[in-house]
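Residue-level structural notes
Chain by chain, the residues run as shown.
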Amino acid sequence: MEPVRISKLMAQRGLCSRREADAYIERGWVRVDGRIVSELGTKALPNARITLERQAARRQTGKVTIILNKPVGYVSHQSDKGHRLAASLIQARTQYRTGHGPSFDPAHLRGLAPAGRLDIDSQGLLVLTQDGRIARQLIGDDSGIEKEYLVRVEGRLSSNGLALLNHGLSLDGQALRPAQVQWQNEDQLHFILREGRKRQIRRMCELVGLKVVGLKRVRMGRVVLGDLPVGQWRYLRDGERF
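Below is a short write-up of the structure. From a predicted model like this one, the values you see are computed outputs, not experimental measurements.

Observations concerning helix α4 (residues 132–139)
- Within the span of α4, buried status applies to Gly132, Ile134, Ala135 and Leu138. Taken around the axis of α4, the buried residues stretch over an arc of 160 degrees, which confines them to a single face.
- In the core, the buried residues of α4 are packed alongside α2 (18–26), β6 (65–70), β10 (123–129), β11 (147–155) and β16 (210–220).

Some points on the pairing of β6
- Counted residue by residue, β6 has six buried out of six residues, so it is predominantly covered.
- Residues Thr65, Ile67 and Asn69 line one face of β6 and the alternating positions Ile66, Leu68 and Lys70 line the opposite face, and both faces are buried.
- With six bridges joining them, β6 and β10 adopt antiparallel strand pairing. Within β10, the position partnered with Ile66 by the bridge is Leu128.
- Direction of pairing for β6 relative to strand β18 (residues 233–235): antiparallel, over a ladder of three bridges. Looking at β18, one finds that Ile66 is bridged to Tyr235.

Quick notes on unusual backbone geometry
- Its identity as a non-glycine residue notwithstanding, Asp33 has a phi of 50 degrees, on the positive side.
- When you line up the elements, Asp33 lands in the loop between β2 (30–32) and β3 (35–37).
- Despite not being glycine, Asp172 has its phi angle at roughly 55 degrees, a positive value.
- For Asp172, the location among the structural elements is in the loop between β12 (170–171) and β13 (174–175).
- Here Asp172 falls in the exposed class, since its relative accessible area comes to 68%.

Each value, and the rule that gives it
Counting starts from 1 at the beginning of each chain's written sequence and moves along it residue by residue. Where totals are concerned, whole chains, interfaces and linings use all residues; where local detail is concerned, this predicted model gives features only for residues with pLDDT of at least 70, and gives and counts side-chain atom pairs only at 80 or more. Hydrogens are left out, water is left out, and the side-chain values use all remaining heavy atoms of the structure. The rule is simple: take the accessible area with a 1.4 Å probe, protein chains only, and divide by the maximum for that residue type; under 20% is buried, over 50% is exposed, in between is partly exposed. Secondary structure elements follow DSSP: runs of H or I of four or more residues count as helices, runs of E of two or more count as strands, with numbering from the N terminus. Note: the arc covers the axis-to-C-beta directions of the helix. The contact rule is simple, with two residues in contact once any of their heavy atoms fall within 4.5 Å. Whether two strands pair comes down to DSSP finding at least two bridges between them.

On their own, these measurements won't tell you what the molecule is for.
Below is the structure:
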């Protein structure tokens, strides 16, 4: 076995993101096989035992994850310049309160990043988090978290189109993972995916003769959008897991 950077091992194991791992290592908050490691770039064998000091565990406990019902017209990432950023909706006045959970704290905006993309012409559940473990769980290369969508379409579905949507399509020369796709009603499809290629659903539909005219994400893993109003947000609840 070849040694691997400790920060990479920590990210692979879901302990934190690589950036967070480097910060913890610099502070001396990481033990490898019982010994404190404080030098960036240090490597260890893939089967090494890695643990976090209490300071790192406390920092992780204080990180927040936010569920937003993103409206059409907002982008999820800053790279989409010239458009309104979904994170700008995270304000005290737009918090959806049901009598439980913390109140908005501006400190929760620091390091808050979207875990997954939702295009400007799509709406629904967008996750923003300070926690690299959750981001990796949702969008890491090995993520198998289900994402559920309601998709309004126009056009005429090809004869084998529904079968192809479920399995058999490729994008950019790469085969897509099997999906679960069925008709919800006469003009709406129900999608469950386990990956997130750019504009994937729209491109899949185009390949079988359909045009998407409305797309809403309603679930990621075990977290559902529910009755969260459009343009409002809430904190991930205690005991709620993806």
